[in-house]
Amino acid sequence: MAFSASTYGVDLINMHPHGIQLCEKHPFVHLSNSKIRRFERMIRAGSQMTNSRPVVNKPEIDFSDPDWKRHFQEDFDKRFNLPHLRDILAIKPRPTTFSLKSRIPLDGDSAATGSWNGYVNDDDRALLKAFPYTKPVCKAIMKQIFKPQCVSWQVIKFASPTSAGAECIDPDCSWVEQWVHRAGPRKQIYFEPREVKAGIVTCGGLCPGLNDVIRQIVLTLEKYGVKNIVGIPYGYRGFSDEGLSEVPLSHKVVQNINLAGGSFLGVSRGGPSTSDIVDSIQARRIDMLFVLGGDGTHAGALAIHNECRTRKLKVSVVCVPKTIDNDILLMDKTFGFDTAVEEAQRVINSAYVEARSAYHGIGLVKLMGRSSGFIAMHASLSSGQIDICLIPEVPFNLEGPNGVLQHLEHLIKTKGNAVVCVAEGAGQDYLHKSNTTDASGNVVLSDIGVHIQQQIKRHFKDIGVPADVKYIDPTYMIRACRANASDAILCTVLGQNAVHGAFAGFSGITTGICNTHYVYFPITEVIESTRHVDSNSRMWHRCLTSTGQPDFN
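Owing to the predicted nature of the structure, the values given are computational and were not obtained by experimental measurement.

(A) Spatial organisation of the sheet that holds strand S16 (residues 418-423). The strand order across the open sheet formed by four strands is S15-S16-S14-S17, and the pairing between neighbours is parallel. If you trace the sheet from one side to the other, it starts and ends with strand S15 (388-390) and strand S17 (468-472), each paired once. For this sheet the average axis-to-axis angle between neighbouring strands, irrespective of direction, equals 15°. Two elements, S15 and S16, share three bridges in a ladder whose sense is parallel. If you follow cysteine 389 over to S16, its bridge partner there is cysteine 421. Taken strand by strand, helix H11 (residues 404-415) contacts strand S14 (361-367), S15 and S16, and its axis lies near 160° from that of S15.

This is the structure:
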């Protein structure tokens, strides 16, 4: 049982009739050198990673080998080992300057010899996608409820690969432990804070919470004693455009930027070649680069990290995952997602009011989700007002006795109104396929919302039943929102941990939340493919139960 991610409906395993194999989307697939080269070519071409799934070789697992589990775990540990500056440079650590016991950064050996126990050991690990069933939890509230003894949490033990949401490695659904590095401040650091120049860059599209992350990175850097902090304006473009200057950052500059949406530093897609970016990093004497972006931006950061290693530069490249679609592998969620769901719920409520107030009213809402329908699914669940939810992972028919239009006709006859929620990447087979791509290399999608709106109007006109269709596309309104409380907390912790990871000497990593714990991942593992809703997950089943919609196939 490699993962227990059915809460968020992640599709990681493909069960074949003649045995269990790892599917192309599975994270336990090696990232080939050819894929790294492809990422670098995409950066050179001024584009980022597309949302298409890479074709990768599947590792063979011999389940007849009695030691297969040990071999599997050894391979896992090797792939999830974090790249470190020690791998290429003969550097020694120094005692950290970070402590919450002092108002100013510590000096000398005081941090290492102090009594504060707020540091994370390099050997600390968190169990990937599952609560460790042997880990005791002894909090005061638990003591009150369960007496003085400790309580142990357990995870789902799947009895069969056919169980709803089951994600198994072998046919017996064996328990397989996979541990990843815990995030947080270390007692030993690999940079002299007074000599560090740190850069922050935000890439891709807007997302609620960008300013929260920028702010927290700056505040945490200053807690370590870093004085030279700059922002690179407008994404990777800021490394090469002579008309764009560095933005000096300090706690005074960023103190209130979290009160507004957008990005204080600006965003853009694409950028110069990897070599040109690293040339600029060298020329600017940047020691730490914090990159905020999605999987394409992560691919670019990985290329930058590899080029820095080739040149044997003491530069730490650390990412903070930013995707409003919540489609990055291995993580419970990414920042901006909760805000997007909350704002989408308000839009759905407006569509419901419109539909309920009109004669035979039909509200149609299109939400973000190019290849993953997490926002549409969660917004439908949270609103309780959706009758039909359509996502990219689940094919559907518009026409026919089992089609969407026939069900809408039934809803109008029985309840007098209906509300439909569709993710932007759903139903693309019904639309003209475009070969046009944006600056990130993503195929420009046709508007499924407009298409469904037109088909609904045509259908009800053909059957002689009046229908009042109200179509709402809130995409840019949601992207520009300020982060809500949940996302603000997540952004704060991610920003802090990014800085802790850089000072710990890691590079080529990203920070995220996994099984409710904050961890570090090698970038290679999170860009293997896109995270998708599992149509057999309990979360999707809950959504279907809430909407009451039938199978549209």
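Next comes the rest of the write-up.
(B) Seen up close, helix H16 (residues 538-547). Taken as a whole, H16 has its buried residues at Met539, Trp540, Cys543 and Thr547. Looking down the long axis of H16, one finds its buried residues gathered within 100° of arc, a one-sided arrangement. For H16, the secondary structure elements touched by its buried residues are helix H10 (374-383) and S15. Glycine 548, located one to two residues past H16, shows a positive phi value of around 80°.

(C) Molecular detail of the packing of H11 against helix H12 (residues 448-462). Contact geometry for H11 and H12: axes closest at 10 Å, N-to-C directions at 65°. The crossing of H11 and H12 is right-handed. Note on element contacts: H12 touches H11 through Gln455, Ile456, Arg458, His459 and Phe460, opposite Leu405, Leu408, Glu409 and Ile412.

(D) The sheet that holds strand S12 (residues 288-293), seen in detail. Taking strand neighbours across the sheet as the criterion, the nine strands line up as S4-S7-S19-S18-S13-S12-S9-S10-S11 in an open arrangement whose pairing is mixed. The open sheet has two free edges, formed respectively by strand S4 (125-127) and strand S11 (247-248), since each of these has just one partner strand.

(E) How the structure looks around the nonpolar core. Grouped together as the largest cluster of nonpolar side chains are 75 residues, with contacts concentrated most on Ile200, Leu221, Met288, Phe290, Phe335 and Phe503. It is helix H9 (residues 337-357) that provides the largest number of residues to this core, a total of eight residues. Each of two domains, domain 1 (188-333 + 484-527) and domain 2 (337-481), supplies a minimum of three residues to this core. Apart from residues lying up to four places away in sequence, phenylalanine 503 is in contact with Gln188, Ile189, Tyr190, Phe191, Pro193, Leu221, Tyr224, Val226 and Met288. Formed by 35 residues, the second largest nonpolar core is a distinct cluster that contains Val278, Ala301, Val317 and Cys319.

(F) How the structure looks around the environment of isoleucine 286. Examined against the element boundaries, isoleucine 286 turns out to sit in the loop between helix H7 (274-284) and S12. On the basis of relative accessibility, which here comes to 3%, the residue isoleucine 286 falls in the buried class. Along the primary structure isoleucine 286 and glycine 199 are separated by 87 residues, whereas in three dimensions their C-alpha atoms are 6.5 Å apart. Those residues in contact with isoleucine 286 that lie beyond four places of it in its chain are Lys197, Gly199, Ile232, Phe239, Ile281 and Val315.

(G) Fine view of the pattern of salt bridges. Summed over the entire model, instances satisfying the criterion amount to 22 salt bridges. When the shortest N-O distance is used, the salt bridge between arginine 186 and aspartate 122 registers 2.9 Å. Taken together, the residues arginine 186 in the loop between strand S7 (179-182) and strand S8 (188-189) and aspartate 122 in the loop between helix H3 (110-113) and S4 connect sequence positions 64 residues apart. Of the residues examined, aspartate 122 reaches a relative accessible area of 41% and is grouped as partly exposed. Note that arginine 346 and glutamate 343 form a salt bridge whose closest N and O atoms lie 2.5 Å from each other.

(H) Expanded view of the packing of H9 against H10. Their axes nearest at 9 Å, the elements H9 and H10 cross at an angle of 55°. Comparing their axes, H10 and H9 come out oblique. Between H9 and H10 lies a crossing whose hand is right-handed. Between H9, through Phe337, Ala340, Val341, Ala344, Gln345 and Ile348, and H10, the contact on the second element is made entirely by Phe374, Ile375, His378, Ala379, Ser380, Ser382 and Ser383. Taken together, the residues that form the contact of H9 with H10 break down as eight nonpolar, five polar and no charged.

(I) Expanded view of the side chain of asparagine 484. With respect to the secondary-structure elements, asparagine 484 resides in the loop between helix H13 (475-479) and helix H14 (485-503). The class for asparagine 484 is buried, based on a relative accessible area of 13%. A polar contact is formed between the side chain of asparagine 484 and the backbone nitrogen of aspartate 487, at a distance of 2.9 Å. Residues contacting asparagine 484, with those up to four places away along its chain left out, are Asp338, Thr339 and Glu342.

Parameters and conventions
- Residues numbered from 1 in each chain as written.
- Predicted model: local features only at pLDDT ≥ 70, side-chain atom pairs only at ≥ 80, totals over all residues.
- Heavy atoms only, no water.
- Pairing = 2+ DSSP bridges.
- Helix = DSSP H or I, 4+ residues; strand = E, 2+ residues; numbered from the N terminus.
- Axes fitted to C-alpha atoms, helices over the stretch in contact; angles between N-to-C directions.
- Contact = heavy atoms within 4.5 Å.
- Buried < 20%, exposed > 50% of the residue type's maximum accessible area, 1.4 Å probe, protein only.
- Arc of directions from axis to C-beta.
- Left-handed = near helix turned anticlockwise from the far one by under 90°.
- Core = buried A, V, L, I, M, F, W, Y, C linked by side-chain atoms within 4.5 Å.
- Domains from an automatic or database assignment.
- Salt bridge = Lys/Arg side-chain N within 4 Å of Asp/Glu carboxyl O.
- Parallel < 35°, antiparallel > 145°, perpendicular 65-115°, else oblique.
- Nonpolar A, V, L, I, M, F, W, Y, C, P; charged D, E, K, R; others polar.
- Polar contact = N/O pair within 3.5 Å; in protein donor to acceptor, adjacent residues only side chain to side chain.

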